[in-house]
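Here are the chains, one letter per residue:
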Number of protein chains: 4
Amino acid sequence: MSDKHHLRSRFEKNMDDLVRDYTASIPFDRRLYRQDIAGSIAHAKMLARQGIISDKDAELIVMGLVSIREEIEGGKLQFKAELEDIHMNIEARLAEKIGDVAGKLHSARSRNDQVALDLRLYARHAIAQTNASLKELQTALLDVAEANIDVALPGYTHLQRAQPVLLAHHFLAYLEMLQRDVERLKDCLKRTDVMPLGSGALAGVPYPIDRVSVAKELGFAEISRNSLDAVADRDFVVEYEAAAALTMMHLSRLAEELILWSSAEFGFVEMDDAYATGSSIMPQKKNPDVAELARGKTGRVYGHLVAMLTTLKGLPLAYNKDLQEDKEGFFDTVDTLNNTLRIFAAMVRTMTVNKERMLQAASDDVLLATDIADYLVRKGLPFREAHSVVASLTRHLIEKGMSFRGLTLEEYKAFSPLFDKDVFAITVASSLAARDVPGGTAPVRVKAALAEARERVAGH
Amino acid sequence: MSDKHHLRSRFEKNMDDLVRDYTASIPFDRRLYRQDIAGSIAHAKMLARQGIISDKDAELIVMGLVSIREEIEGGKLQFKAELEDIHMNIEARLAEKIGDVAGKLHSARSRNDQVALDLRLYARHAIAQTNASLKELQTALLDVAEANIDVALPGYTHLQRAQPVLLAHHFLAYLEMLQRDVERLKDCLKRTDVMPLGSGALAGVPYPIDRVSVAKELGFAEISRNSLDAVADRDFVVEYEAAAALTMMHLSRLAEELILWSSAEFGFVEMDDAYATGSSIMPQKKNPDVAELARGKTGRVYGHLVAMLTTLKGLPLAYNKDLQEDKEGFFDTVDTLNNTLRIFAAMVRTMTVNKERMLQAASDDVLLATDIADYLVRKGLPFREAHSVVASLTRHLIEKGMSFRGLTLEEYKAFSPLFDKDVFAITVASSLAARDVPGGTAPVRVKAALAEARERVAGH
Amino acid sequence: MSDKHHLRSRFEKNMDDLVRDYTASIPFDRRLYRQDIAGSIAHAKMLARQGIISDKDAELIVMGLVSIREEIEGGKLQFKAELEDIHMNIEARLAEKIGDVAGKLHSARSRNDQVALDLRLYARHAIAQTNASLKELQTALLDVAEANIDVALPGYTHLQRAQPVLLAHHFLAYLEMLQRDVERLKDCLKRTDVMPLGSGALAGVPYPIDRVSVAKELGFAEISRNSLDAVADRDFVVEYEAAAALTMMHLSRLAEELILWSSAEFGFVEMDDAYATGSSIMPQKKNPDVAELARGKTGRVYGHLVAMLTTLKGLPLAYNKDLQEDKEGFFDTVDTLNNTLRIFAAMVRTMTVNKERMLQAASDDVLLATDIADYLVRKGLPFREAHSVVASLTRHLIEKGMSFRGLTLEEYKAFSPLFDKDVFAITVASSLAARDVPGGTAPVRVKAALAEARERVAGH
Amino acid sequence: MSDKHHLRSRFEKNMDDLVRDYTASIPFDRRLYRQDIAGSIAHAKMLARQGIISDKDAELIVMGLVSIREEIEGGKLQFKAELEDIHMNIEARLAEKIGDVAGKLHSARSRNDQVALDLRLYARHAIAQTNASLKELQTALLDVAEANIDVALPGYTHLQRAQPVLLAHHFLAYLEMLQRDVERLKDCLKRTDVMPLGSGALAGVPYPIDRVSVAKELGFAEISRNSLDAVADRDFVVEYEAAAALTMMHLSRLAEELILWSSAEFGFVEMDDAYATGSSIMPQKKNPDVAELARGKTGRVYGHLVAMLTTLKGLPLAYNKDLQEDKEGFFDTVDTLNNTLRIFAAMVRTMTVNKERMLQAASDDVLLATDIADYLVRKGLPFREAHSVVASLTRHLIEKGMSFRGLTLEEYKAFSPLFDKDVFAITVASSLAARDVPGGTAPVRVKAALAEARERVAGH
C-alpha cells in the first residue's frame, strides 16, 4: 500500500482549514449547549432586574434562547466550525432570530466567565450522574452479596490462599471503596458548586450586576470570591478527574478479580453472555471482554488526569488559551466512568457464581492451618511454638498426601498433647465464625455490615 | 573514563545482598517509628484491658516500647537491613529488652493491619503539617497584599496586558487557590482518619478485641468497616498525592509569575538574596532559583501520583507486596510540598515589589481602551459601535505615536460626538474603581476581600 | 436548569446499547480501512500462491476488497455498530458481495494477528507523516533564521538576560531538537516495520503459509519472530507516543518563548493574524492563541502516553481485550502532533520579527559585563579579580544611572589600570564574534551551522 | 500520639537551613563524582594543549583531581551541603589542595555545560549497565527455555486457555520484548553520546578551545552542534526513562504471570526461597514477594518519566534551575531497572517448573477443539460448518462429563461422517507440531528460534 498517497492527501488540506479545525472547539463543546443557554437566560433576567437592559429585551432574549434549545434538541441547528465554539454558534443564531437585541446579552459578561460557568454547570451535573452510577453498582454488589450470603471462598494475600472469607464480605470491600468514591465526589462538589459569572474577562465588570441572584437562579451554593481566580481556575476538573482515576482503579481491581475468577484455573464465576464473547467452537468458554476492556480503560482515565495537570502547570494568570484543553478529556472521563459503573452493575448482577468451586478452594488445608495454630495458642502454647507445631503437621500431611480432615486425634496428639477432640470443630465455618470483630468476616458481622451498608447507600 | 570499571563493581555485589536491599523497606520506613510505637502501645493496652494478655505483660511491653523510642530519638538504635522493616526492627529490639513477652504484642495483630495503621497515623500528621504550611503561605500573601494595597499592575490574559488590577487582588487569587487546597485536605482527612487495626491479615482476628477503644486512644474518628478493604486500601495516599499535585500546580503558576516578573522585561519584583543566586559580576542581576526549582519540582509530585495510581491498578484483594511501594513517593511528596510552601511564604514576604514599574505597565493605553468603550456604551452607543470607535481611535494614536493622555476633547469628538469632558476621568484608578462587584478588583471590594480572607485563614 | 432531566435521559438508554457502544471500536478503528484491506489483499494473494485457496477465489476476494475500498472512499458504505469493528464491517460487506468465498479469506488468520498488522501499517504511515511534518517545521526555522541572519537578541538563562546570541542561533537550537525527533522516529520505525501476520490467535497457524512474501508485498522489512509476542506487543505504539511526547515538549518550549516574545514587555515578535486572535477594540493587540493551544495540547499527548503504559502494565500473555484501548489515544497523538508541527511551520514563517526591540534588549549592559571581565582576564587579571572589578563598575553605573557606553577611558581606568582604548571595541557584535567555537553563536559559526543543517534536513 | 509535637519540631528548623537543603543537590549528585573528575581532567589537558593554561598548571590540576577521586573512593572526603553540589565540592577541595591554580580549571567552562557533560557521561554508563542486565535476563530465559524444551502449557488469550504452546516459546516471547529493549537503548545511546563541553553558559566560549579532542579523550562519538540546545537539552534522560518504562512494563507482565503461576489455582511454578517469603506455619506456601514488588515498582518508573516530561514542559531557553530536577528520578530509574533485571535473571533460573501441572492444563479439551475443527476443514468442510460440528461435540462432552479422549470413532462419526481414525492423532503434541510456521510454537521452530536467539544475545 502506498504511504505516499496518504501523505499527499493530508498536505492538500489547506492551512486555513487546518488552523480553523485546530482552534475550533465546537466539535466537542456543543455538548455544553444546555448549560450555555441556561446560563444566558439567568444572565439576561438578572440584567433586566438590575435595569441594565429592558424587560422587553430580556423577554426577547429568553424566548430566542429557549427556541434555540429546541432547535438543537430537535437536531435542526447546524453548528458551524467557522463560529468556533458553542457560545458563538448560539450567539450568532440568536442574532439571526432577534436581531441587534441579541448583542445586549453580552453586557457585563465575557467569554472567560461564560465558559467557566458552563463548565461548572456541566461538572455539577456530571457529579450527580456519577454518584447515581456509583449507587447503582453498590446496590448490585449488595444484592449479589445477599443472594450468596452463605458462600465462602478463600481470601487471598499475594494471590495465595490465606483464610476463608464470605463472598459477601469480599463484595463489601468493594462497597467500601465505592462509598469513599461517593464521599469524595460530594466533597468535590463543594468546590465545583461556585458561580463565576460577573468576573468578566478577569477583573470584574463595570455594571451594577447582582451575582447572588444569578447563582440562586442557577442553583449554585456560592459565588466565586476573586475574579482572576474565577476565570483561571480549573481545579474542579482536575479534582473530578482525580476522583475518577481512583474509582477506575477500584474497578480495575474488581475487573482483575472477575477475569481471574473466570479462568479455568479458578472457575469461580461465569460472566453472562451479554458481557462476554463466546467462542464459536467452545460455547462454554467465555472471554470476559467487558471486564478486560474496563481494566484497560483505567489507562485512559489516568491519562486524562495527567493531561489536565500538565496543561495547567506553570500557566500565569489569568485566562490562557491553553485552558480550552479542559473539555475533551473531561467529557471522556465522565462518559467512561459512568458507563463502566453502570455496565458493571448489570454485569455483576447477571454473572453466575460457582459456589462449589469457591467452597472447595476455601476448604484447602492451607486455609485452616492458621486456625489450628490459634487453637493451640488458646490452649496455652506460645505463638511461635504453636506455629512450629503446625508447620511440622503440614509437612507431615504433604508427605503423606493427606489433609487435616484425614487425621485422627492420635495423629494430632503425636505433634502436641494439647490437641483434643475439639480440634475437629475447626472447619471453614468455624474459621469464619471466629473472626467475630467489627469489620471481620464472621457471618453475624457480615450480615450486620450488609444491613448497615444498605442504609448508607439508601441515604446518600 | 572506563565504563567497564563501574560495571564490574556492580556485578561484584552478590545476589543475596541485592535481593535484601531490593525488598528491605527499613531505609525509608524508619521514618514511621513514632507511629509504629504509638500503635503498638495502644494495642498492648487494649489487649490487657480485654484480658488477652496480663496487665503486667502490657506494662512491660509499653515500658520497652517507650525506651526504644528514646533510643531511636537519641540516635542509639542501629537499624538493620536484614530485619527488613521498621516493625521487625522494633519487634527484635523489644525481644532483646523484655524477652519472650515481646511476642505477646503480636496477638490479634498482623503485619498487614499494623502497616496500614502506621501509614494512616503518618498521613494524618502530614495533613496537619501541610495545612499549617498552607496557612503560612496564605498569611504571607495577605501581609504582602495589605502592605501594597495601593499598587496596581496590569491584569493579563494570554500574557497580554488586559485591564488594570490591584496587586492585592492578584495575590488574593492565589489565596483562593490555597483555600481550596486547605478544604480539600480537610476532606481527605475524613477518609484517612480511620483505624484499621483488628483487620488481621485480611479477615479479622479470632480474639475478643475492642477496636473502638484503640481508635479512641490513638485519636481516630472512626474504625474501618471491612477487613479486606482495610489491609488493601491506599486511597488515602493517592488522595493526598492528588491534592498535593493540585497545590504544586498552583505554586508552579505563582513561581512562573515570579520568574516572569523578575525578568528585565517585566521588572516588577526582585527576589531577596536568600531565594536567588546572584552573579559575581552583575550584583543587581538575580536568578530566581528557588521559584524555578519549585516549578521544576511540580514534575516530581505529579510523578509520585502517577506512580501510586499505576502500582494500585489491577491488584486483586487483599494485601499484595506491591503495596510496599506506597511510602517513598508519599514521603517525598509530603516533604516537597511542605518545604515549598514554607519557603514560598518567606520568599514572598521578603521580595521587593517595584511599584513604579507595575504602575507604568498598568498605565499602558491598551488597558484603558476597554474602559473608554464602556464609557461610550454608557452614553448610549451599542456595544459593537463603541468598539469600532475605539478601534479607530487606537489606530490613530499608534500612527501619531501618541497615547490617550495626549488627546484633546476635540480630537476625541472627531471620533464620536458622545465624548465629553468626563472622558478625562478615565484613568487606571477609575478603571479599578469601576469593577465594583463581589470578586472584582475595585479597591473597596479588595479591602473587604482581604478582611474576609484574613478571618477565613485565622479560622481554619 | 434541571439536572434530573439529564439523568433520566441517560438511564433511559438500554443496557444492550450501552454495552454495544462500550465494546464497539468501529467509531474509531474505521480509520484503519485502508490498512485492513491492503492486509487482506496481500493475505489472499499469498493463500492462492501457497495453494491454500484457489486463484479464482483469491481474485474474487481481491476484487471485492478493492470495490469496498472504493465504496468507503466514496462515502457509500454505512458502518454498523453491531458489527463492532472495521474488520467485521469489511468482512460482512465482502460476504454480501461475493458470498461464501469471503469466508476463505479467514483461513490461516485470526483477528489477533490481523489487528496487529493493521495497526503496524498505520503506525508506519504515521511515522512517515510525522517525519515529513518535522522537516516542514525545520525548513521554516531555517528560512526564518537565514532571513534574519543579522539579528541579535539576548540569550537567557533563568529568564535573565545573559549573553547576546543570534536569532538564527536560537532557532538552530530548535532545529537540533527536531533533528533528534526525526532520528528517534527513524529508530522507532525499525521496531514498527515488522510483519505479524501468520501468528494466528497466539501460537502460529496450521497452514503452509509464506509469511515472508506477505511482508514483501506490504513493504515490511522483517517478519515477527514469536507468535505470542506478535499478538501481545504494542511497544511500537508506546514508542511512537513517547517520541511524540518529546516533540510536543520541544514545541511547548518554542510556544512558551513565542508567547513571552509576543508580550508587551518583550515585544520581540508578532504573530500573523491567522495564528492569533485580535481584540475588536485594540487591533494592534494580539493573543497568540495557536501557540497557547499547542502548549496546552502537550498535556494531551503526555496523557496518551501514560494511558497506554497504564493499560499494558501487568497484562499476562497473549492477547487481552484491554489492548483495544491502543487506538484512540494513538490516533489523537498522531493528529495532534502532525497538525501542530505543520501549523507551527506556517506560523513561524509568517510572524513579524521586531529586530529593533531585540537588538535594544541585547544591548543591555548586563550582557556585556561578562565580555568586559573576559577582557580583563585576557589582559592578565585572575578570573575572580576581574569579576570583582566589573562588579564595582556595574554598581557604579547603576548609582549614576549610566551604561557602559557612557564611560570614558579615565572612568574605566579608575577601576583598573588594565583598561585601555580597546575596551570600546566590546559591543554586542564583538561579544557574538568572540564565541567562535563549534556550536557557538559567532556569526561565522552560525552561518556554517545553517548550511550544514540545510543539508541534513534535505537528506533525511 | 501528639501531632503537635512533630509540627513544632519541623517549624523549629530555620529558614536558612531549609532553603539550603531545598536547593542543594550534593545529597544526590555526589554520585557523579567520577564523571565530574573525568570531565575536568579532559578539560584541563585540552586547555594546556591549546595554550590556554600552562602544562604545569594542567599537571597540578590533574594530580589534584586524581587524588580527590581517591579520597572520595576511600571515604575520606566529607561533602558539605553549603557547597551545594558535587562540582563546587570538588572545586573547593581542589583549591585547598593546589591553591589558586585550581581557578584556572574554570576557564572556558561554565557550570551549565559541565553539568550537562557529567550527566551524559553517567547516562552513557547507565545504558551500558542496563544492556548488560538485559542480556543477563535474556540468557536466563534461554537457559530455562532449553532446560524445559519439552514442556507444554496452555497459551492464554483473555486469561482463557486457548491453544497449547511450549514453555520455551512462551519465554521466547519475553526474549523478543527484551531484545527490543536492547535495540531501543542502543538507539538512545546515539543521542546521549554527544559531548556538550565548550557550550559555556549558553552561547559558546570566547577561547580557542578544541572540543573535538575533549570528546575523543572522553570517548564521545560526537560534539553537540548548538550551544543553547546543549545546555538546555535533557532529551537523553527522558529517552532513557521512556525506554525504562517500556522494560518495566515488560517485566510487570512477566511478574504478573509468575504470580498467577505461583497460585494454588495454577500451580505451574514455585519461586525459590530467596525470592519469596514463606509462612512460618505453612512452609510449602510461598508469597512471590520479589515478583510482586517488581510489578509495583513499575509505578515508580512510570512516575519518573512523567516527572521529567512535566519538568521540561514549557521551559524557555536556555538553562533554567528547574533542570536540577533531572537527577534523582533518573538515578532511581537506573537503579530500579538494573536491579530488577538482575534479580529476575536469578529468580527465573532458580524457580521450580511444575511440568505435570502445566501438561495437565494443556491437555484440557478446550485447547484441542480448534485442532479438531481444523481437521474437519482439511477434510473439506467449510470453516463455519466445522466450527458448528465441534460446538455440538463439546456440548455433548460437557453433558456427559466426558473429554475428547473418551470418544469412540462411532461417537465422532455421529457428529460428522468426515471423522476417521486419524482424529485420534490429534493431541497436544500434534497441535504444537501443526503450528509449523516462522514464529510458531512447533517444536522444530522453537528450537531454531532458541538457537537464533542465543546468537543474537551473544552478539549484542
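Because the structure is a prediction, the values reported are computed rather than measured. (Residues numbered from 1 in each chain as written. Chains lettered and ligands numbered in written order. Predicted model: local features only at pLDDT ≥ 70, side-chain atom pairs only at ≥ 80, totals over all residues. Heavy atoms only, no water.)

*Asks:* Would you take a moment to explain the overall build of chain A for this structure?
*Replies:* The helix and strand tally for chain A stands at 19 helices and eight strands. Expected size for 460 residues packed as a compact globule is a radius of gyration near 23 Å; at 31 Å, chain A overshoots this value by more than 25%. Reported as C-alpha extents along the three principal axes, the dimensions of chain A are approximately 100 × 60 × 40 Å. Across the 460 residues of chain A, 67% fall into the buried class. In chain A, the share of contacts with a sequence separation of at least 24, taken over all contacts with a separation of at least 6, comes to 76%. Approximately 14,900 Å² of chain A is accessible, and the part contributed by carbon and sulfur atoms is 52%. Across chain A, 58 positive and 66 negative side-chain charges occur, with their mean positions spaced 1 Å apart. (Helix = DSSP H or I, 4+ residues; strand = E, 2+ residues; numbered from the N terminus. Rg over C-alpha atoms; globule rule 2.2 N^0.38 Å. Buried < 20%, exposed > 50% of the residue type's maximum accessible area, 1.4 Å probe, protein only. Contact = heavy atoms within 4.5 Å. Areas by Shrake-Rupley, 256 points an atom, 1.4 Å probe, with all protein chains shown as cover. Lys, Arg positive; Asp, Glu negative; His and termini not counted. Charge placed at Lys NZ, Arg CZ, Asp CG, Glu CD.)

*Asks:* What exactly am I supposed to notice about the relation of the copies chain C and chain D here?
*Replies:* Both copies of the chain are placed relative to one another by a rotation about an axis and a shift along it. Once chain C is rotated about the relating axis by 180° and shifted along it by 0.0 Å, it coincides with chain D to within an RMSD of 0.0 Å. Such a combination of turn and shift is consistent with a two-fold rotation axis. A high fraction, 100%, of the interface residues of chain C reappear at the interface in chain D, so the copies pair face to face through one surface. (Least-squares fit on C-alpha atoms with pLDDT ≥ 70 in both.)

*Asks:* Please clarify how the packing of helix α8 (residues 167–192) of chain B against helix α19 (residues 443–459) of chain B should be interpreted in this entry.
*Replies:* Packed helices, taken two at a time, are described by the angle their axes make and the gap between the axes. Residues and elements named next belong to chain B. Contact geometry for α8 and α19: axes closest at 11 Å, N-to-C directions at 30°. Classified by the angle between their axes, α8 and α19 sit roughly parallel to one another. For the crossing formed where α8 meets α19, the hand is left-handed. Each of Ala-168, His-169, Leu-172, Leu-175, Glu-176 and Gln-179 in α8 lies in contact with α19, whose residues at this interface are Val-446, Ala-449, Leu-450, Ala-453, Arg-456 and Val-457. (Axes fitted to C-alpha atoms, helices over the stretch in contact; angles between N-to-C directions. Parallel < 35°, antiparallel > 145°, perpendicular 65-115°, else oblique. Left-handed = near helix turned anticlockwise from the far one by under 90°.)

*Asks:* Where do I start with the packing of helix α12 (residues 289–312) of chain C against helix α12 (residues 289–312) of chain D in this structure?
*Replies:* Viewed as axis vectors pointing N to C, α12 of chain C and α12 of chain D meet at an angle of 175°, and their least axial separation amounts to 11 Å. For the element pair α12 of chain C / α12 of chain D, the angle class is roughly antiparallel. Taking contact as the criterion, the partners of Tyr-302, Leu-305, Val-306, Leu-309 and Thr-310 of chain C in α12 of chain C are, on α12 of chain D, Tyr-302, Leu-305, Val-306, Leu-309 and Thr-310 of chain D.

*Asks:* I keep staring at the relation of the copies chain B and chain C and nothing clicks. Help me out?
*Replies:* For these two chains of identical sequence, chain B goes onto chain C by a turn of 180° and a shift of 0.0 Å along the axis, with RMSD 0.1 Å. Of the residues that chain B buries at the interface, 100% are likewise interface residues in chain C, meaning the two copies contact each other through the same surface.

*Asks:* How should I be thinking about the interface of chain C and chain D in this particular structure?
*Replies:* By a widely used convention, the size of an interface equals the accessible area lost when the partners come together. Contact with chain C, which involves 86 residues of that partner, is made by 86 residues of chain D. At the boundary of chain C with chain D, total buried surface from both sides reaches about 7,200 Å², with 58% on carbon and sulfur atoms. Sorting the residues of chain C by area buried against chain D places Arg-225, Arg-253 and Leu-317 of chain C first, and these three jointly supply 10% of that buried surface. In this assembly, chain C and chain D are joined by 16 salt bridges. Our enumeration of links across chain C and chain D arrives at 41 residue pairs in polar contact (both at pLDDT 80 or more). Listed by contribution, the elements that provide at least two residues to the side of chain C that touches chain D are β1 (152–157), β2 (160–166), α8 (167–192), α10 (227–232), α11 (235–262), α12, α15 (365–378) and α19 (443–459) of chain C. Class assignment of the residues belonging to the side of chain C that touches chain D gives a composition of 39 nonpolar, 20 polar and 27 charged. (Buried area = accessible area lost by both parts, 1.4 Å probe. Salt bridge = Lys/Arg side-chain N within 4 Å of Asp/Glu carboxyl O. Polar contact = N/O pair within 3.5 Å; in protein donor to acceptor, adjacent residues only side chain to side chain. Nonpolar A, V, L, I, M, F, W, Y, C, P; charged D, E, K, R; others polar.)

*Asks:* Teacher, can you tell me more about α12 of chain D here?
*Replies:* An α-helical turn contains 3.6 residues, so a residue and the one three or four places further along point in the same direction. Residue and element names in this part refer to chain D. With 24 residues, α12 extends 35 Å from end C-alpha to end C-alpha; this agrees with the ideal 34 Å at 1.5 Å per step. Counting buried positions over the 24 residues of α12 gives 24, a clear majority of the element. Gly-314 occupies a position one or two residues after α12 and carries a positive phi of about 75°. (Expected span 1.5 Å × (residues − 1).)

*Asks:* Teacher, can you tell me more about the domain arrangement of chain A here?
*Replies:* Residue and element names in this part refer to chain A. Its domain assignment divides chain A into domain 1 (17–107), domain 2 (112–361) and domain 3 (364–442). Taking the mean C-alpha position of each, domain 1 and domain 2 sit 31 Å from one another. The interface is formed by 20 residues belonging to domain 1 together with 21 residues belonging to domain 2. Both faces considered, domain 1 and domain 2 share a buried interface measuring about 2,000 Å² in area, 62% of it formed by carbon and sulfur atoms. Interface area lost by domain 1 to domain 2 is led by Phe-28, Arg-31 and Gln-35, which between them contribute 30%. Applying the counting criterion to the domain 1 and domain 2 interface returns two salt bridges. Residue Glu-217 is joined to Lys-45 by a salt bridge in which the shortest nitrogen-to-oxygen separation is 3.0 Å. The interface formed by domain 1 and domain 2 contains eight residue pairs in polar contact (both at pLDDT 80 or more). Those elements that place two or more of their residues in the side of domain 1 that touches domain 2 are α3 (26–29) and α4 (33–49). Looking at the side of domain 1 that touches domain 2, the element that brings in the most residues is α4, giving ten residues. Among the residues making up the side of domain 1 that touches domain 2, the classes are represented as seven nonpolar, eight polar and five charged. (Domains from an automatic or database assignment.)

*Asks:* Explain the packing of aromatic side chains here, please?
*Replies:* Aromatic ring pairs: the centre-centre distance and the angle between the two ring planes describe each pair. Tallying each qualifying case throughout the model produces 40 aromatic pairs over all chains. When the ring centre of Tyr-22 of chain C is taken as reference, the NZ or CZ atom of Lys-297 of chain A above it lies at 5.2 Å. (Phe/Tyr/Trp six-rings, centres within 6.5 Å; stacked < 30°, edge-to-face > 60°. Lys NZ or Arg CZ within 6 Å of the ring centre and 35° of its normal.)

*Asks:* Any chance you could explain the interface of chain B and chain C here in plain terms?
*Replies:* Of the residues lining the interface, 42 residues belong to chain B; the matching set on chain C comes to 42 residues. Interface area for chain B against chain C, summed over the two sides, is near 3,500 Å², with a carbon-plus-sulfur share of 59%. Counting every contact that joins chain B to chain C gives two salt bridges. The salt bridge partner of Glu-265 of chain B is Arg-161 of chain C, with a shortest N-O separation of 2.7 Å. Here chain B and chain C share 15 residue pairs in polar contact (both at pLDDT 80 or more) between them. At the level of secondary structure, the elements contributing two or more residues to the side of chain B that touches chain C comprise β1 (152–157), β2 (160–166), α11 (235–262), β7 (286–287), α12 (289–312), α15 (365–378) and α16 (383–400) of chain B. Considering every element that reaches the side of chain B that touches chain C, the biggest residue donor is α16 of chain B, with six residues. Here the residues of the side of chain B that touches chain C are counted per class, giving 18 nonpolar, 13 polar and eleven charged.

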